[in-house]
Amino acid sequence: MEHIYLDYNSTTPMEAAVIEEMRRAMADNYGNPSSVHSIGAKAKAALESARERIAASLGADPLEVYFTSGGTEADNLALKGAALMNRGKGTHLITSTIEHHAVLESAHYLEKNGFEATYVGCDREGVVSAEALRQAIKPQTTVVSIMMANNETGVIQPVREMAAVCREAGALFHTDAVQAVGKIPVRVTDLGVDLLSLSAHKFYGPKGVGALYVRQGVRLTPLVHGGSHERRKRAGTENIPGIVGMAAALDIAMAKQQSEHARMTELSEYFITQVQSRIEDVHLNGSREKRVPSTVNLSFNGAEGESIILSLDLKGIAVSSGSACTSGSLEASHVLSAMGVDVIRAQGSIRFSLGRGTTKGQIDYTISVLPEIIARLRSMSATYHKDA
Ligand code: PLP
């Protein structure tokens, strides 16, 4: 049975070229970049060359790129680091109800430690408005965090407008761009953001490595204390193979971004249209237009999400419901709830996330097996009726 992976928002497989760069970094470049001798200097050169490559892809200065252990740590450093550093100025922060848990839990932690947080909602399409943000800002607001593309729906947020609102109000603006980098253009200077998180394993790089862009002049309180690595913002010997792998993966993602975007748009539009024409009562969650095209979140009313996942898995197709971190729990997704999707519809939602390995043949196969699975699950439902 062919294995069909439609869960690229959870993680992505690495390309051979990335693995090879990492292998070389591990085998030939084992030094500690902090060592003074030439073996250390060679590792330092690899580290700084990766930083330059990543900075160039983001339109940043290499001095503005700080390596972390992934998107979660980058989000924590951005939010907590900015809030703690600016405590003297104010203790209010703003984020949205549709953020990844890395941001939401950082905000909750700050709330338990003397800060006040406002959670801005979104509309039915999953979009947070810059106007809603403007209304939530107070003189005491020091940091705002709104994601660039949502991991569950793919919906793209008006980050440029929001960054402008924050600049005017004198608050720092962070965006979690983990699901955007490599899929849509992400240039920090065009966006006008102060802080931006990325994670290598979402763009065909290794797991456990990411970065935080920190605009020059922005000060953060470090969360990990120790040596003077990463210009004192993040202590710990750098993960050289991971960082080199991230730079290699980002170079490839940048080179392929436009053509993959076009291919993803075509494949996902075909998928949505075909599924909706073959199965009744299927809703696309989130805006159809303002979306990273590789993410398709569909609700199959009357069929329960976890059962759809298991049935598709038996056919060799891997998908998710809700975000990867919460799948396995039957709680309705906080993102769909924030969009006003009712609990029953939210529980029948499936996230299909397409990627570099997705072919038209795989999509056709998925379309061909779905009607029977949904019909069977609906026939077992005590509450679902065709015209319900
Ligand atoms: N932010 C978003 C939007 C994500 O989708 C993820 C991963 O699912 C993260 C942050 C966390 O990234 P990492 O897995 O690198 O910690």
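For the structure, check the block above.
First, a word on what this report is: a plain description of the structure on this page. (Residues numbered from 1 in each chain as written. Predicted model: local features only at pLDDT ≥ 70, side-chain atom pairs only at ≥ 80, totals over all residues. Heavy atoms only, no water.)

## Looking at the side chain of K183
Right, on to step 1. Following the sequence through the fold, K183 ends up in the loop between β6 (172-176) and α7 (188-191).
Right, on to step 2. Buried charge without a partner: K183 forms no salt bridge, and the closest opposite charge is D176, 9.9 Å away.
Right, on to step 3. In terms of polar contacts, K183 uses its side chain to reach the side chain of N9, at 3.4 Å.
Right, on to step 4. With residues up to four places along the chain from it excluded, the contact list for K183 reads N9, Q257, H261, V292 and S294. (Helix = DSSP H or I, 4+ residues; strand = E, 2+ residues; numbered from the N terminus. Buried < 20%, exposed > 50% of the residue type's maximum accessible area, 1.4 Å probe, protein only. Lys, Arg positive; Asp, Glu negative; His and termini not counted. Salt bridge = Lys/Arg side-chain N within 4 Å of Asp/Glu carboxyl O. Polar contact = N/O pair within 3.5 Å; in protein donor to acceptor, adjacent residues only side chain to side chain. Contact = heavy atoms within 4.5 Å.)

## Concerning the nonpolar core
Right, on to step 1. Residues F173, V193, L196 and F203 are the most contacted members of the largest nonpolar core, which totals 63 residues.
Right, on to step 2. The greatest single-element share of this core, amounting to nine residues, is contributed by helix α8 (residues 240-278).
Right, on to step 3. Of all hydrophobic cores here, the second largest spans 29 residues; its members include V275, A303, I363 and I367. (Core = buried A, V, L, I, M, F, W, Y, C linked by side-chain atoms within 4.5 Å.)

## Digging into the packing of aromatic side chains
Right, on to step 1. By the definition in use, this model includes four aromatic pairs.
Right, on to step 2. When the ring of Y5 is compared with that of Y8, the centres are 5.0 Å apart and the planes differ by 70 degrees; the resulting orientation is edge-to-face.
Right, on to step 3. Here the aromatic rings of F300 and F352 are separated by 6.4 Å at their centres, their planes lie at 75 degrees, and the arrangement is edge-to-face. Taken together, the residues span a long stretch of sequence, with F300 in strand β10 (residues 295-300) and F352 in strand β12 (residues 349-353) at a distance of 52 residues.
Right, on to step 4. Residue F352 is classed as buried on the basis of its relative accessible area of 0%. (Phe/Tyr/Trp six-rings, centres within 6.5 Å; stacked < 30°, edge-to-face > 60°.)

## Looking at the packing of helix α2 (residues 38-58) against α8
Right, on to step 1. Direction vectors running N to C along α2 and α8 enclose 30 degrees, while the axes themselves pass 9 Å from each other. Classified by the angle their axes make, α2 and α8 are roughly parallel. Note on packing geometry: the crossing formed by α2 with α8 is left-handed. Here α2 contributes A43, A46, L47, A50, R53, I54 and S57 to the contact with α8, which in turn contributes I240, I243, V244, M246, A247, A248, L250, D251 and M254.
Right, on to step 2. A breakdown of the residues in the contact of α2 with α8 according to their chemical character gives 13 nonpolar, one polar and two charged. (Axes fitted to C-alpha atoms, helices over the stretch in contact; angles between N-to-C directions. Parallel < 35°, antiparallel > 145°, perpendicular 65-115°, else oblique. Left-handed = near helix turned anticlockwise from the far one by under 90°. Nonpolar A, V, L, I, M, F, W, Y, C, P; charged D, E, K, R; others polar.)

## Concerning the state of the cysteines
Simply put, the disulfide is a covalent bond whose two ends are the sulfur atoms of two cysteines.
Right, on to step 1. One pass over the structure, following the stated rule, counts zero disulfides.
Right, on to step 2. Left unpaired, C122 is separated from the closest cysteine sulfur, that of C166, by 18 Å.
Right, on to step 3. Judged by relative accessible area, which is 16%, C122 ranks as buried.
Right, on to step 4. Using a relative accessible area of 0% as the deciding quantity, one classes C166 as buried. (Disulfide = S-S within 2.5 Å.)

## Examining the sheet that holds β10
Right, on to step 1. The three strands are arranged β9-β10-β12 in an open sheet whose pairing can be described as antiparallel. Every other strand in the sheet has two partners, leaving β9 (282-284) and β12 as the edge strands with one partner each. Taking the axes of each pair of neighbouring strands and ignoring which way they run, one obtains an average angle of 30 degrees across the sheet.
Right, on to step 2. Inspection of the sheet shows β10 paired to β12 by five bridges, in the antiparallel sense. Bridge assignment links T295 to a residue of β12, and that residue is S353.
Right, on to step 3. Against the sheet, α8 makes contact with β9, β10 and β12, and its axis sits at roughly 10 degrees relative to β10, the strand it touches most.
Right, on to step 4. Here helix α9 (residues 305-314) sits on the sheet in contact with β10 and β12, set at roughly 45 degrees to β12. (Pairing = 2+ DSSP bridges.)

## A few points about the site of the ligand
Right, on to step 1. Around the ligand, the structure places 13 residues, and the nearest of them are G71, T72, D176, S199 and K202.
Right, on to step 2. Here G71 contributes a backbone N or O atom positioned 2.8 Å from an oxygen atom of the ligand.
Right, on to step 3. The separation between a nitrogen atom of the ligand and a polar side-chain atom of D176 is 2.6 Å.
Right, on to step 4. Compared with its free state, where it exposes 400 Å², the ligand has 88% of that area covered by protein.
Right, on to step 5. Looking at the shell around the ligand element by element, the count peaks at three residues for helix α3 (residues 71-85).
Right, on to step 6. Among the residues forming the shell around the ligand, the class breakdown is two nonpolar, eight polar and three charged. (Near = heavy atom within 4 Å. Areas by Shrake-Rupley, 256 points an atom, 1.4 Å probe, with all protein chains shown as cover.)

## Observations concerning the pattern of salt bridges
Right, on to step 1. On inspection of all chains with the given rule, the structure shows 20 salt bridges.
Right, on to step 2. In this structure, R53 engages E21 in a salt bridge whose closest nitrogen and oxygen atoms are separated by 3.2 Å. With a gap of 32 residues between them, R53 in helix α2 and E21 in helix α1 (residues 16-28) connect regions that are remote in the sequence.
Right, on to step 3. The salt bridge partner of R234 is E73, with a shortest N-O separation of 2.7 Å. Highlighted residues: R234 in the loop between β8 (210-214) and α8 and E73 in helix α3, separated in sequence by 161 residues.
Right, on to step 4. Residue E73 is classed as buried on the basis of its relative accessible area of 15%.
Right, on to step 5. Each of K44, E48, R51 and E230 takes part in one network of salt bridges that share partners.

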